[in-house]
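# Working through the structure, step by step
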Amino acid sequence: MSGALKDAAIRVERPAKTLRELALDKVREAIVNGYFRPGDRLVERDLCAQLGVSRTVVREVLRHLESEGLVANLPNKGPIVAQLDIEEAKQIYEIRGALEGMAARLCAERSSPEIVAALEESLAGIRNSYRDNDMAAVLANTSSFYQTLFTMVDRHVAWGVVNLLTVRINHLRSMTIKTEGRGVEGPAQMSKIVDAIRRGDGEGAYRAAMDHVAAASAIAEAVLSAKKPAE
């Protein structure tokens, strides 16, 4: 066996993700899925035990989540799960509406059966996930739907902007998708977007996308208002 082959036989492959990245994914997912709720304290010692990682890793994870807006560091209290702000949520939905409406219009104008097929596949995944009561899969398939909407018309910059907000968007989605009737209404609204794209109706696709975002925004505002402590 040559020296090169011997080296290859014992080489330690770098894992796809570092321990820090794995811990970050776990805590982010726990916040988005409601395991840690807004206002909950995030005690470093407890997180070390729950995740099985060092305090250094936990601190790096909390700093990263603070930069994403999911964690707030309060004086004399330490890190907590950030409270969702109604006004901030409105702005996120405004950005979503503008960008998703644009992407939906462009998809309709492209008049591509491949776009329609990809969107229908994600939409079927959303419906199946609702049926199975798998909210994590609902979020994953919803993200896939919108990724298709942007990337198949080469709007990668716009998708990058949406991705910067993805964590906060999914935090809001994790609330809205659980509300009564959303498992039927949400996919039905998204189906209207796909139908308009299939027809090549740019204005109809834009309007359907805006209506879907407006409905989600209204639900999020109602949920956040209900959770807001009385003045």
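One structure accompanies this document, and this report is about it. (Residues numbered from 1 in each chain as written. Predicted model: local features only at pLDDT ≥ 70, side-chain atom pairs only at ≥ 80, totals over all residues. Heavy atoms only, no water.)

To continue, consider helix α9 (residues 166-176). Burial within α9 is extensive, with ten of its eleven residues counted as buried. Within the span of α9, buried status applies to T166, V167, I169, N170, H171, L172, R173, S174, M175 and T176. (Buried < 20%, exposed > 50% of the residue type's maximum accessible area, 1.4 Å probe, protein only. Helix = DSSP H or I, 4+ residues; strand = E, 2+ residues; numbered from the N terminus.)

This part is about the packing of aromatic side chains. Within a pair of aromatic rings, the relevant descriptors are the distance that separates the centres and the angle that separates the planes. Throughout the structure, instances matching the rule amount to three aromatic pairs. Measuring from ring centre to ring centre gives 5.0 Å for Y35 and F36, while their planes differ by 70°; the resulting arrangement is edge-to-face. On the basis of relative accessibility, which here comes to 11%, the residue F36 falls in the buried class. Taken together, a centroid distance of 5.2 Å and an interplanar angle of 80° make the contact between F145 and Y146 edge-to-face. The same class applies to F145 as to Y146, namely buried. When the ring centre of Y146 is taken as reference, the NZ or CZ atom of R96 above it lies at 5.5 Å. Against the face of Y206 rests R105, its NZ or CZ located 4.6 Å from the ring centre. (Phe/Tyr/Trp six-rings, centres within 6.5 Å; stacked < 30°, edge-to-face > 60°. Lys NZ or Arg CZ within 6 Å of the ring centre and 35° of its normal.)

The next thing to look at is the pairing of strand β2 (residues 78-81). Bridge count between strand β1 (residues 71-74) and β2: four bridges; the pairing is antiparallel. Opposite A72, over in β2, you have I80 as the bridge partner. From the end of β1 to the start of β2, which pair antiparallel, there are three residues, and N76 there has a positive phi angle of about 65°. (Pairing = 2+ DSSP bridges.)

A separate point is the nonpolar core. In terms of nonpolar packing, the biggest core is built from 47 residues, with L119, L149, F150, L172 and I197 touching the most fellow members. Of all the elements in the fold, those that place two or more residues in this core are α5 (86-110), α6 (113-131), α7 (135-151), α8 (156-164), α9, α10 (182-199) and α11 (202-227). A23, A30, V61 and L70 belong to the second largest nonpolar core, which has 19 residues in total. (Core = buried A, V, L, I, M, F, W, Y, C linked by side-chain atoms within 4.5 Å.)

Between α5 and α9, the least distance of the axes is 11 Å, while the angle of their chain directions is 100°. Regarding the angle of α5 to α9, the classification is roughly perpendicular. Mapping the contact onto sequence places E88, A89, I92, Y93, R96 and E100 in α5 and R168, I169, L172, R173 and T176 in α9. Grouping the constituent residues of the contact of α5 with α9 by class yields five nonpolar, one polar and five charged. (Axes fitted to C-alpha atoms, helices over the stretch in contact; angles between N-to-C directions. Parallel < 35°, antiparallel > 145°, perpendicular 65-115°, else oblique. Contact = heavy atoms within 4.5 Å. Nonpolar A, V, L, I, M, F, W, Y, C, P; charged D, E, K, R; others polar.)

Under the 1.5 Å per step criterion, the end-to-end length of α10 is 25 Å for 18 residues, consistent within 8% with the ideal 26 Å. Taken residue by residue, α10 has R182, G186, P187, Q189, M190, S191, I193, V194, A196 and I197 as its buried positions. Just downstream of α10, G200 is the residue with a positive phi angle, here 75°. (Expected span 1.5 Å × (residues − 1).)

What follows covers a nonpolar patch on the surface. Together, I95, V157 and V161 make up a nonpolar patch on the protein surface, roughly 260 Å² of accessible area in all. Examined against the element boundaries, V157 turns out to sit in helix α8. By relative accessible area, which is 71% here, V157 ends up exposed. (Patch = residues over 30% accessible without salt bridge, like charges linked within 9 Å, V, L, I, M, F, W, Y side chains within 5 Å. Areas by Shrake-Rupley, 256 points an atom, 1.4 Å probe, with all protein chains shown as cover. Salt bridge = Lys/Arg side-chain N within 4 Å of Asp/Glu carboxyl O.)

This paragraph deals with empty space enclosed by the protein. As enumerated under the stated definition, the model contains two cavities of 30 Å³ or more in all. By volume, the largest cavity is sized at about 150 Å³. Looking at the largest cavity, it is lined by 16 residues, and the ones nearest its centre are Y130, T142, I177, R182 and H212. When contributions to the lining of the largest cavity are tallied by element, the ones reaching two or more residues are α5, α6, α7, α9, α10 and α11. The dominant element in the lining of the largest cavity, judged by the number of residues it contributes, is α10, at four residues. Each residue belonging to the lining of the largest cavity can be placed in one class, and the counts come to nine nonpolar, four polar and three charged. Broken down by secondary-structure element, the contributors of at least two residues to the lining of the second largest cavity are α7, α8 and α9. If one sorts the elements of the lining of the second largest cavity by residue count, α9 sits on top with three residues. (1 Å grid on protein atoms, 1.4 Å probe; cavity = no way out; pocket = protein on both sides within 12 Å on 5 of 7 lines; lining within 4 Å. Points joined across faces, edges and corners; volume = space filled by probe spheres on them.)

What follows is about the pattern of salt bridges. Going through the model one piece at a time under the given rule, you end up with 14 salt bridges. Linking R198 and E120 is a salt bridge whose minimum nitrogen-to-oxygen distance equals 2.0 Å. In this pair, R198 is assigned in helix α10 and E120 in helix α6, connecting sequence segments 78 residues apart. Residue E120 is classed as partly exposed on the basis of its relative accessible area, which comes to 36%. Across the salt bridge formed by D195 and R198, the nearest N and O atoms sit 2.8 Å from each other. Of this pair, D195 and R198 both sit in helix α10, three residues apart, which is roughly one turn of the helix. Judged by relative accessible area, which is 31%, D195 ranks as partly exposed. Taken together, the salt bridges that share partners define one network made up of D25, R28 and E68.

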